[in-house]
Amino acid sequence: MFMHQRIWLSPPHMGEQEFEYVKEAFSSNWIAPLGPNVDGFEKDLAAFTAAGHVAALSSGTAALHLALVLLGVQQGDEVICQSMTFSASANPIIYQGATPVFVDSEPDTWNMDPLLMEAAIKDRLSKGRKPKAIIPVHLYGMPAKMDEILEIAAEYDIPVIEDAAEALGSVYKEKACGTLGRFGILSFNGNKIITTSGGGALIGNDEDLIEKARFLASQARDPAPHYEHTHIGFNYRMSNVCAGIGRGQMQVLHCRISQRRANYQRYLKHLSALPGLVFPKEPEDCFSNRWLTTVLVDPAASGGIDRETVRMALEKANIDSRPLWKPMHLQPVFAGAPAYVNNVSENLFKQGLCLPSGSSLQPEQLDYIAGLVKALW
């Protein structure tokens, strides 16, 4: 039925107002970075997340890089980073000449294990290496165990940078993900819950630090009639055109979250009874945006059906699905980095699959996908 039209994992989903903001940018000739759309987008994000201050940037990776710069991370330092994540969570550590110290996941949320994190901190301290920052990730929109992470981080006086690239709209105990640590990172890449085609944001409550981020992201140009520079800067600011897309997307964000959560519920209704197929549960006092619907496929309980059986069956039907992130401590590029592991993320990678989760998916498409999966059993 849907064979000729590929079903993608998480495509962009435009509303009705994006083009009006972009058209306004063109008609006023605000095409370059900065402009009224950038200012408006930052205000929209601050209002939505209840973050004190926001800097709209060219990517989530740029936001994370600037957070590390602002925290003084430099050559020879170490930064604790969640292992179960996309490489962009770890790459900026390398940009600064620092070393990532990877920490494995706990099985409830699949995010950084607080107990293992503390063990890693103690071990690094015993080696005379105090980590300069901690980067937990709210994986697939599921909030990490932030109370425990923040309590331990405070005990050892280590700042926390929340990677909420996948978690815009997710809530941890009545607070927006990304607003609990020293800094939060958002991403508006094309596959995220809302998009600016490419883009990201750095959020935080320290006005001076976020203002400094804006300064550094604008090539660190000092206020002078000529080009004067006392700091190394970056070309990291969001364009006024992209921010216009973001302003339009903000108007449908609540709807997009509802649509993603409805996808999860529809899959759950169809597939939760299948032996060996497990859906991650939402922790109490937490709200996940369900950016992607994820499942675990245990061949020992499913009669031999595994993650690849499901993925290849969907691919044969022209349907895009994807394994969970391969942990960073298993990536060749990070082979020499310290890692504190408990095998949770390795098992998640072996068994985990992301199902098509776009907010534009129609109920009949979701039913079709679920039917193909169910048929394997």
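Conventions adopted
Residues numbered from 1 in each chain as written. Predicted model: local features only at pLDDT ≥ 70, side-chain atom pairs only at ≥ 80, totals over all residues. Heavy atoms only, no water. Helix = DSSP H or I, 4+ residues; strand = E, 2+ residues; numbered from the N terminus. Rg over C-alpha atoms; globule rule 2.2 N^0.38 Å. Buried < 20%, exposed > 50% of the residue type's maximum accessible area, 1.4 Å probe, protein only. Contact = heavy atoms within 4.5 Å. Areas by Shrake-Rupley, 256 points an atom, 1.4 Å probe, with all protein chains shown as cover. Lys, Arg positive; Asp, Glu negative; His and termini not counted. Charge placed at Lys NZ, Arg CZ, Asp CG, Glu CD. Axes fitted to C-alpha atoms, helices over the stretch in contact; angles between N-to-C directions. Parallel < 35°, antiparallel > 145°, perpendicular 65-115°, else oblique. Left-handed = near helix turned anticlockwise from the far one by under 90°. Nonpolar A, V, L, I, M, F, W, Y, C, P; charged D, E, K, R; others polar. Salt bridge = Lys/Arg side-chain N within 4 Å of Asp/Glu carboxyl O. Pairing = 2+ DSSP bridges. Polar contact = N/O pair within 3.5 Å; in protein donor to acceptor, adjacent residues only side chain to side chain. Arc of directions from axis to C-beta.

Undergrad: Would you mind going over the overall build of the chain with me for this structure?
TA: Each helix and strand in the chain was counted, giving 13 helices and 15 strands. By the compact-globule yardstick of 21 Å for 377 residues, the chain fits well, its C-alpha radius of gyration being 21 Å. For the C-alpha atoms alone, the extent of the chain along its principal axes is close to 70 × 60 × 35 Å. A burial count over the chain gives 55% of its 377 residues as buried. When contacts within the chain are restricted to residue pairs at least 6 apart in sequence, those whose partners lie at least 24 apart make up 73%. Surface exposure of the chain reaches about 15,900 Å², of which carbon and sulfur atoms provide 53%. Of note, the chain has its 33 positive side-chain charges centred 4 Å away from the centre of its 41 negative side-chain charges.

Undergrad: Even after reading the chapter, I still don't get the packing of helix 1 (residues 18–27) against helix 8 (residues 240–250), so can you show me in this structure?
TA: In a pair of packed helices, the angle between the axes and the distance between the axes together describe the arrangement. Running from N to C, helix 1 and helix 8 cross one another at 155°; their axes reach a closest spacing of 7 Å. Judged on the interaxial angle alone, helix 8 and helix 1 are roughly antiparallel. At the point where helix 1 passes helix 8, the crossing takes the right-handed sense. Taking contact as the criterion, the partners of Glu 18, Tyr 21, Val 22, Ala 25 and Phe 26 in helix 1 are, on helix 8, Asn 240, Val 241, Gly 244, Ile 245, Arg 247, Gly 248 and Gln 249. Residues belonging to the contact of helix 1 with helix 8 are distributed by class as follows: six nonpolar, four polar and two charged.

Undergrad: Help me out: how do you make sense of the pattern of salt bridges in this one?
TA: When the charged atoms of two side chains lie near each other, side chains of opposite charge can form a pair. Scanning the entire structure with this criterion turns up 17 salt bridges. Residues Lys 23 and Glu 20 are paired through a salt bridge, measuring 3.7 Å at the closest nitrogen-oxygen approach. Taken together, the residues Lys 23 and Glu 20, both in helix 1 and three residues apart, mark about one turn of the helix. Judged by relative accessible area, which is 41%, Lys 23 ranks as partly exposed. A cluster of three or more residues bridged by salt bridges with shared partners is formed by Glu 42, Glu 211, Arg 214 and Arg 237.

Undergrad: What should I look at first to understand unusual backbone geometry in this one?
TA: Leaving glycine out, the prevailing phi sign among residues is negative, and the prevailing peptide bond configuration is trans. Phi is positive for Lys 173, close to 50°, though the residue is something other than glycine. Mapped onto the elements of the fold, Lys 173 is located in the loop between strand 6 (171–172) and strand 7 (175–176). Look at Ser 197: it is not a glycine, yet its phi comes out positive at around 80°. Locating Ser 197 in the fold gives a position in the loop between strand 8 (183–187) and strand 9 (200–204). For Ser 197, a relative accessible area of 49% translates into the label partly exposed.

Undergrad: Please clarify how the sheet that holds strand 8 should be interpreted in this entry.
TA: Across a sheet, paired strands are connected by hydrogen bonds in the backbone, their directions being either parallel or antiparallel. Pairing is mixed in the open sheet, where four strands are placed in the order 1-9-8-5. The sheet is open, and its two edges are formed by strand 1 (53–57) and strand 5 (161–163), each paired on a single side. Each adjacent strand pair in this sheet contributes to an overall mean axis angle of 20°, direction not counted. With three bridges connecting them, strand 5 and strand 8 associate as parallel partners. When the bridges of strand 8 are listed, Glu 162 appears paired with Gly 184. Sheet strands in contact with helix 7 (residues 207–217) are strand 1, strand 8 and strand 9, and its direction is about 15° off that of strand 1.

Undergrad: Would you mind showing me how to read the environment of His 229 here?
TA: Along the chain, His 229 turns up in the loop between helix 7 and helix 8. Given the relative accessible area of 43%, His 229 is considered partly exposed. A sequence separation of ten residues divides His 229 from Gln 219, and the C-alpha atoms of the two residues are 8.3 Å apart. What His 229 contacts, discounting residues up to four positions off in sequence, is Gln 219, Ala 220, Arg 221 and Asp 222. Within the structure, His 229 has its side chain in polar contact with the backbone oxygen of Gln 219 (distance 3.1 Å). Within the structure, His 229 has its side chain in polar contact with the backbone oxygen of Ala 220 (distance 3.1 Å).

Undergrad: For this particular structure, what's the right way to read the sheet that holds strand 11 (residues 286–287)?
TA: The antiparallel open sheet is built from three strands, whose spatial order is 7-6-11. Lying at the two open borders of the sheet, with one neighbouring strand each, are strand 7 and strand 11.

Undergrad: Hey, could you run me through the packing of helix 2 (residues 36–49) against helix 8 in this one?
TA: Look at helix 2 against helix 8: their axes get within 8 Å of each other, and the N-to-C directions meet at 35°. Between helix 2 and helix 8 lies a crossing whose hand is left-handed. Facing Pro 36, Asn 37, Val 38, Gly 40, Phe 41, Asp 44, Leu 45 and Phe 48 of helix 2, the residues of helix 8 in contact are Asn 240, Ala 243, Gly 244, Gly 246, Arg 247 and Met 250. Considered class by class, the residues forming the contact of helix 2 with helix 8 number seven nonpolar, five polar and two charged.

Undergrad: I would appreciate a short explanation of helix 1 in the present structure.
TA: An α-helix turns once per 3.6 residues; consequently, residues spaced three or four apart project the same way. Glu 18, Tyr 21, Val 22 and Ala 25 are the residues of helix 1 that are buried. With its buried residues spanning 100° around the axis, helix 1 presents them on a single face. Exposed and facing more than 90 degrees away from the buried side of helix 1 are Phe 19 and Ser 27. Taken together, the buried residues of helix 1 touch helix 2 and helix 8. A positive backbone phi angle near 70° is found at Asn 29, which sits one or two residues after helix 1.

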